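Secondary and tertiary structure notes
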Amino acid sequence: MSAHGDPIPMTARRSGPLKGEAVVPGDKSISHRALILGALAVGETRISGLLEGQDVLDTARAMRAFGAEVTHEGPGAWTVQGVGVGGFAEPPDVIDCGNSGTGVRLIMGAMATSPVTATFTGDASLRKRPMGRVTEPLALFGTRAFGRQGGRLPMTLIGAAEPVPVRYAVPVPSAQVKSAVLLAGLNAPGETVVIEREATRDHTERMLAGFGATLRVEDGAEGRAIVLTGQPELRPQTIAVPRDPSSAAFPVAAGLIVEGSDVLVPGIGLNPTRAGLFTTLREMGADLSYENAREEGGEPVADLRARFSPDMTGIEVPPGRAPSMIDEYPILAVVAAFADGATVMRGIGELRVKECDRIAAMVTGLRACGAEVEEGEDWMIVHGHGPGSLPGGATCATHLDHRIAMSFLCAGLAAQRQVSIDDGGPIATSFPIFEGLMAALGAAFARGTE
Ligand SMILES: O=C(O)C1=C[C@@H](OP(=O)(O)O)[C@@H](O)[C@H](O)C1
Ligand SMILES: C=C(OP(=O)(O)O)C(=O)O
């Protein structure tokens, strides 16, 4: 089933050259944070380029439930009248975060140190995902959480009435956990310290500084420590959301594997904590260039140009790069099937707790398409056989996971036979215009399965 309705089976067939410009929507991570920090500021935050995907719309609805005024002014243009740090009202109903791990975990952090109680739920995918990784550090502030076994949603959080600041070393590389602790730290007196061994996406830190919070980053033996001073008055901001590198990954990858293609993907955020896929593709020999590199709204941005790359070879992806491309392994696995030799992906255990178990979903689907793939608890190896070599001819299960759905549709554009997916509905969570945008480039997509 798709996240919000009947399943939408889809099929992709081998396509002629993909040509043209692919203007992808705003960054999902930054969009969630703009709404949440806007709700915690005093006054009106103005946002342009907001991703209007279901995940972010669910966060907008949640911010309204906590008392912020969130208004849709026009395409991508939103305003948020914030209630101030510690100003959240108690929501009158259950907060449904749909398919979004980022939404639910960041919002839990944002409400955890206010004297309100909220119950959270989500779709069948989100209800399987672990929330203990967030509620355990939140308990240090004094927040209480009651959920299903294994720390699963639905879950009720009772915010700490008299929160204390915390010092917390994040045990898994997770920007969501880091961000939840920082957002909770906003309403605790004194300094809250979050330490991460490996740097994960830093949008929360950048945006907190933009909103006027006092924070500093110290690199030490334990890793990267973020020190936040609690109880600031956040100043409303004007935020231009850059276009999402995780969405750009799909037209870029399709451009590299479909014969004769030349695709331009303009205005993509290339924050180094997000751009690992593009570095990896270039190391594999992809004809992928950055044009017109510039800075927009405090984030590095460039136009990406991807041309058909018949000479890509498999590589060993450095495990330390995983946090900067964590959502891109499914599409990398597809590109790897069209490169020559083995692409080795290690240190990717976190993929097992995303919208679905992404290692299992990719291995099963790629094998059904005739690829040679190996897997272990936290690794995956794809043995590619060059351009046009993937047999295809399968229907792949997407398990309520947008990235799995888009990855297999891209595979079908270059495979020998069609590749179908059982449900394209979840694509709307992060990239609602994917089908039309790809079709405009020349992608042979159809509704239904073979
Ligand atoms: O903070 C964020 O916006 C995100 C962090 C990552 O999750 P984890 O924190 O679980 O690694 C990523 O997979 C997700 O798509 C977005
Ligand atoms: C993992 C993802 O999102 P989330 O954790 O927010 O559901 C994703 O978008 O790939």
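As the structure is a computational prediction, the values presented were derived from the model and not from experiment. (Residues numbered from 1 in each chain as written. Chains lettered and ligands numbered in written order. Predicted model: local features only at pLDDT ≥ 70, side-chain atom pairs only at ≥ 80, totals over all residues. Heavy atoms only, no water.)

Section: the site of ligand 1
Close to ligand 1 lie Lys28, Ser29, Arg33, Thr102, Pro173, Ser174, Ala175, Gln176, Arg201, Ile326, Asp327 and Lys354, which account for all nearby residues. Between ligand 1 and Ser174 there is a distance of 2.7 Å, counted from an oxygen atom to a side-chain nitrogen or oxygen. Contacts to ligand 1 include Lys354, whose side-chain N or O atom sits 2.7 Å from an oxygen atom. For ligand 1, the accessible surface in isolation is 390 Å², of which the surrounding protein chains cover 94%. According to the grid-proximity analysis, the pocket containing ligand 1 is the largest pocket. If you list the elements that add at least two residues to the shell around ligand 1, you get α1 (28–40) and α5 (175–185). In terms of residue count, α1 provides more of the shell around ligand 1 than any other element does, three residues in total. Its residues placed into classes, the shell around ligand 1 shows three nonpolar, four polar and five charged. (Near = heavy atom within 4 Å. Polar contact = N/O pair within 3.5 Å; in protein donor to acceptor, adjacent residues only side chain to side chain. Areas by Shrake-Rupley, 256 points an atom, 1.4 Å probe, with all protein chains shown as cover. 1 Å grid on protein atoms, 1.4 Å probe; cavity = no way out; pocket = protein on both sides within 12 Å on 5 of 7 lines; lining within 4 Å. Sits in = over half its atoms within 2 Å of the grid points. Helix = DSSP H or I, 4+ residues; strand = E, 2+ residues; numbered from the N terminus. Nonpolar A, V, L, I, M, F, W, Y, C, P; charged D, E, K, R; others polar.)

Side note on the sheet that holds strand β1 (residues 10–13)
Read from one edge to the other, the open sheet built from four strands follows the order β22-β23-β1-β24, with strand pairing classed as mixed. One side of each edge strand has no neighbouring strand; the edge strands of this open sheet are β22 (394–396) and β24 (444–447). When strand polarity is set aside, the average angle formed by the axes of neighbouring strands in this sheet is 25°. Relative to strand β23 (residues 419–421), β1 is paired through three bridges, and the arrangement is antiparallel. By the bridge assignment, Met10 is partnered in β23 with Ile421. The sheet contacts of helix α11 (residues 402–412) involve β1, β22, β23 and β24, and relative to β23 the element is tilted by about 160°. (Pairing = 2+ DSSP bridges. Axes fitted to C-alpha atoms, helices over the stretch in contact; angles between N-to-C directions. Contact = heavy atoms within 4.5 Å.)

Side note on the pattern of salt bridges
Scanning the model with the defined rule gives 32 salt bridges in all. The closest approach of N and O atoms between Arg224 and Glu196, which form a salt bridge, is 2.7 Å. Placement of the pair is Arg224 in strand β13 (residues 223–229) and Glu196 in strand β11 (residues 191–196), with a sequence separation of 28 residues. For the pair Arg224 and Glu196, one class covers both residues: buried. Asp244 is the partner of Arg274 in a salt bridge, and the nearest nitrogen-oxygen pair spans 3.0 Å. Placement of Arg274 in the loop between β15 (262–269) and α8 (276–283) and of Asp244 in the loop between β14 (238–240) and α7 (245–257) is noted, with a sequence separation of 30 residues between them. Overall, the relative accessible area of 2% leaves Asp244 in the buried class. Where salt bridges share partners, they join Arg129, Arg201, Asp327, Glu355, Arg358 and Asp401 into one cluster. (Salt bridge = Lys/Arg side-chain N within 4 Å of Asp/Glu carboxyl O. Buried < 20%, exposed > 50% of the residue type's maximum accessible area, 1.4 Å probe, protein only.)

Some remarks on the UniProt feature "domain: Enolpyruvate transferase" (unreviewed entry) in the chain
On the UniProt side, "domain: Enolpyruvate transferase" (unreviewed entry) is annotated at positions that read residues 15–436 here. Between the end C-alpha atoms of residues 15–436 the distance is 15 Å, and the span holds 28% helix and 29% strand. (UniProt positions renumbered as here; feature names shortened; annotations may be inferred.)

Observations concerning the pairing of β15
With six of eight residues buried, β15 is to be regarded as a mostly interior element. As paired strands, strand β2 (residues 19–21) and β15 are joined by three bridges and run parallel to one another. Looking at β15, one finds that Glu21 is bridged to Leu264. In this structure, β15 lies alongside strand β17 (residues 299–307), joined through six bridges in antiparallel fashion. What sits directly across from Val263, in β17, is Ala306.

Notes on the sheet that holds strand β16 (residues 287–296)
Reading across the sheet, the four strands line up as β2-β15-β17-β16 and stay open at both edges, with mixed pairing between neighbours. Here the strands that pair on one side only, and so sit at the sheet edges, are β2 and β16. Taken over all neighbouring pairs, the strand axes of this sheet differ in orientation by 15° on average, direction set aside. Strands in contact with α7 are β15, β16 and β17; relative to β15, the strand with the most contacts, it is inclined by about 165°.

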